[in-house]
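Residue-level listing of the chains:
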Amino acid sequence: MANEAVASSNVVQVPMTSNMRVARNTLVLVALRVLMPALAVGLVLMLSRYLGVEGLGRYTLAFSFLFLFNAIAPLGLGAIITRDGARDKAALSGMLSNAMTLGTIASLVLTIAMAGLAYLSDYDSGTRTAILILSLALLPCTIGLFQDSAFIALERMDYLALGTLVEYAIKVGIGMLLLLFGFGLDAVLLLAVVGRVVGCIISAILLKRLELSTRWAYDPETVRRLMKLAPTFLLIGIFATLYWRIDIFMLSKLQPVEQVGYYGAAWRILELAMVLPQSLCLALYPQISASALSDLPRLQKIGRGAMRYLLAISLPAAIGVTLLAEPILQLLYGPGFRTAAYTLSVLILTLIPYGFVRYHAYVL
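Residues numbered from 1 in each chain as written. Predicted model: local features only at pLDDT ≥ 70, side-chain atom pairs only at ≥ 80, totals over all residues. Heavy atoms only, no water.

Engineer: Before we go on, may I ask you to explain the overall build of the chain in this structure?
Structural biologist: When its secondary structure is counted, the chain shows 15 helices and zero strands. By residue count, 51% of the 364 residues in the chain fall in the buried class. Surface exposure of the chain reaches about 17,000 Å², of which carbon and sulfur atoms provide 69%. (Helix = DSSP H or I, 4+ residues; strand = E, 2+ residues; numbered from the N terminus. Buried < 20%, exposed > 50% of the residue type's maximum accessible area, 1.4 Å probe, protein only. Areas by Shrake-Rupley, 256 points an atom, 1.4 Å probe, with all protein chains shown as cover.)

Printed below as a string of structure tokens:
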């Protein structure tokens, strides 16, 4: 009887501990992903007021180029590091080190390609310069993504948050000061690069505390395994980025850069609304990965709960933003951005299916 009581206690404690860990990690990610986009929106608001719609358009387009190339540079290895690292912590260090080598080579090649594309395009000189500056962020973005993937595999989102907070303190905090002192878009973008580099350094120090070193290594067997898995995850990343950014590229070719600014203002609000479903799915990912390997009934239980929470999050948010699109834009960006209200009303509806798709993508 005593043994049965102990066993019963253990059965109860494991899911409670697991649920508490998911809740903690979700809260950390939500706090991080609400605070960071909120800070970014603050910077965007200052950009729109100090540099106008044209400045915001260049900012949005330059970051769209960075997101597109940054979908390719990590070669899809970030998802592999998280998935396989969650299953086998002992193999995590080797995967991280070899992924660093592959990602660095790809990032250097793509930095040259992104800079070259900026000069070959028919954009104005200010837009070209903005894209060129952000091409320098490709390598630290790739390294940072691998570091974040390792933190997620270890379910240490608190450490992930520290590096990101330092990065945004530089990118947003000092960026706002520079705008106040009369500096332009180029200075703000350079700070984004510097912030990402410093964030990588902080993350490397924190990983060392967890006995994982951020270093470059080459193990032929590990590299072959990573490269065998990479194409699927790479294509997922590319198609997902194109899905979310192709409209901005198309708009930039069909309309003046000011129209990109209006669209970017609406897009930022959608991006902020997507934080909660993103954070919930990401916090669940290590458990999804482990359950898919060995405990399908538990995976089904996780899925049922996730669907309920995702609907409760996304439906009220989408309805509320649709009804209040114009006052939200006017409050955040000023009267000149009310033109984007219809755009926001359409964009925000994608929030409802977004969480379901993201969760099932992790399961697949």
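Next, the rest of the story.
Engineer: Sorry, what's going on with a nonpolar patch on the surface here?
Structural biologist: A cluster of nonpolar side chains, Tyr50, Leu177, Leu180, Phe181 and Phe183, forms an exposed patch at the surface whose accessible area comes to about 580 Å². Structurally, Leu180 is set in helix H7 (residues 157-180). (Patch = residues over 30% accessible without salt bridge, like charges linked within 9 Å, V, L, I, M, F, W, Y side chains within 5 Å. Salt bridge = Lys/Arg side-chain N within 4 Å of Asp/Glu carboxyl O.)

Engineer: So what exactly am I meant to see when it comes to the pattern of salt bridges here?
Structural biologist: Pairing of side chains with opposite charge becomes possible as their charged atoms draw close. With the rule as written, the count across this model stands at seven salt bridges. When the shortest N-O distance is used, the salt bridge between Asp122 and Lys253 registers 2.8 Å. Remark: Lys253 occurs in helix H9 (residues 220-254) and Asp122 occurs in the loop between helix H4 (92-120) and helix H5 (125-135); sequence separation between them is 131 residues. Asp122 gets classed as exposed once you look at its relative accessible area, which sits at 61%. The salt bridge partner of Glu271 is Arg268, with a shortest N-O separation of 3.6 Å. Of this pair, Glu271 and Arg268 both sit in helix H10 (residues 257-273), separated by three residues, roughly a single helical turn. Here Arg268 falls in the buried class, since its relative accessible area comes to 14%.

Engineer: When you look at the packing of H4 against helix H6 (residues 138-153) in this model, what are you seeing that I'm missing?
Structural biologist: Look at H4 against H6: their axes get within 8 Å of each other, and the N-to-C directions meet at 155°. Here H6 runs roughly antiparallel to H4, going by the angle between their axes. Read as a crossing pair, H4 and H6 show a hand that is right-handed. Contact with H4, carried on its side by Leu92, Leu96, Ala99, Met100, Gly103, Thr104, Ser107, Leu108, Leu110, Thr111 and Met114, involves Leu138, Leu139, Thr142, Ile143, Phe146, Gln147, Ala150 and Ala153 of H6 and no other residues of that element. By residue class, the composition of the contact of H4 with H6 is 13 nonpolar, six polar and no charged. (Axes fitted to C-alpha atoms, helices over the stretch in contact; angles between N-to-C directions. Parallel < 35°, antiparallel > 145°, perpendicular 65-115°, else oblique. Left-handed = near helix turned anticlockwise from the far one by under 90°. Contact = heavy atoms within 4.5 Å. Nonpolar A, V, L, I, M, F, W, Y, C, P; charged D, E, K, R; others polar.)

Engineer: Looking at this model, I keep getting lost on helix H2 (residues 52-72). Mind explaining?
Structural biologist: Along an α-helix, residues three or four apart share an orientation, since each turn contains 3.6 residues. If you check H2, its first and last C-alpha atoms are 31 Å apart, about what 21 residues at 1.5 Å a residue would give, namely 30 Å. Counting buried residues in H2 gives 17 out of 21 residues, a clear majority hidden from the surface. (Expected span 1.5 Å × (residues − 1).)

Engineer: Help me out: how do you make sense of the packing of helix H11 (residues 275-294) against helix H15 (residues 351-363) in this one?
Structural biologist: When two helices pack together, their arrangement is given by the angle between the helix axes and the distance between those axes. Where H11 contacts H15, the two axes come as close as 9 Å, and the packing angle between them is 15°. With respect to their mutual orientation, H11 and H15 come out roughly parallel. Crossing of H11 against H15: the hand is right-handed. Note on element contacts: H15 touches H11 through Leu351, Tyr354, Gly355, Arg358, Tyr359, Tyr362 and Val363, opposite Pro277, Gln278, Cys281, Leu282, Leu284, Tyr285 and Ile288. By residue class, the composition of the contact of H11 with H15 is 11 nonpolar, two polar and one charged.

Engineer: Teacher, can you tell me more about a positive patch on the surface here?
Structural biologist: Side chains of Arg298, Lys301, Arg304 and Arg308 sit close together on the surface and give a patch of like positive charge. Mapped onto the fold, Arg304 is located in helix H12 (residues 296-323). (Lys, Arg positive; Asp, Glu negative; His and termini not counted. Charge placed at Lys NZ, Arg CZ, Asp CG, Glu CD.)

Engineer: When you look at the packing of aromatic side chains in this model, what are you seeing that I'm missing?
Structural biologist: Centre distance and the angle of the planes are the two values used to describe a pair of aromatic rings. In total, this model carries seven aromatic pairs according to the counting rule given. Each ring, one from Phe63 and one from Phe67, has its centre 6.0 Å from the other, and the planes form 45°; the classification is tilted. Residue Phe63 and its partner Phe67 are both found in helix H2; the two are separated by four residues, about one turn of the helix. The exposure class assigned to Phe63 is buried, which follows from its relative accessible area of 6%. Taken together, Tyr59, Phe63 and Phe67 form an aromatic cluster joined through their ring pairs. Directly above the aromatic system of Tyr159 lies the positively charged group of Arg156, at a separation of 4.3 Å from the ring centroid. Between the NZ or CZ atom of Lys253 and the centre of the ring of Tyr123, over which it lies, the distance is 4.4 Å. (Phe/Tyr/Trp six-rings, centres within 6.5 Å; stacked < 30°, edge-to-face > 60°. Lys NZ or Arg CZ within 6 Å of the ring centre and 35° of its normal.)

Engineer: Would you mind going over the side chain of Asp148 with me for this structure?
Structural biologist: Note on placement: Asp148 falls in helix H6. Buried charge without a partner: Asp148 forms no salt bridge, and the closest opposite charge is Arg196, 4.5 Å away. In this structure Asp148 touches Leu160 and Ser203, once residues within four positions along its chain are discounted.

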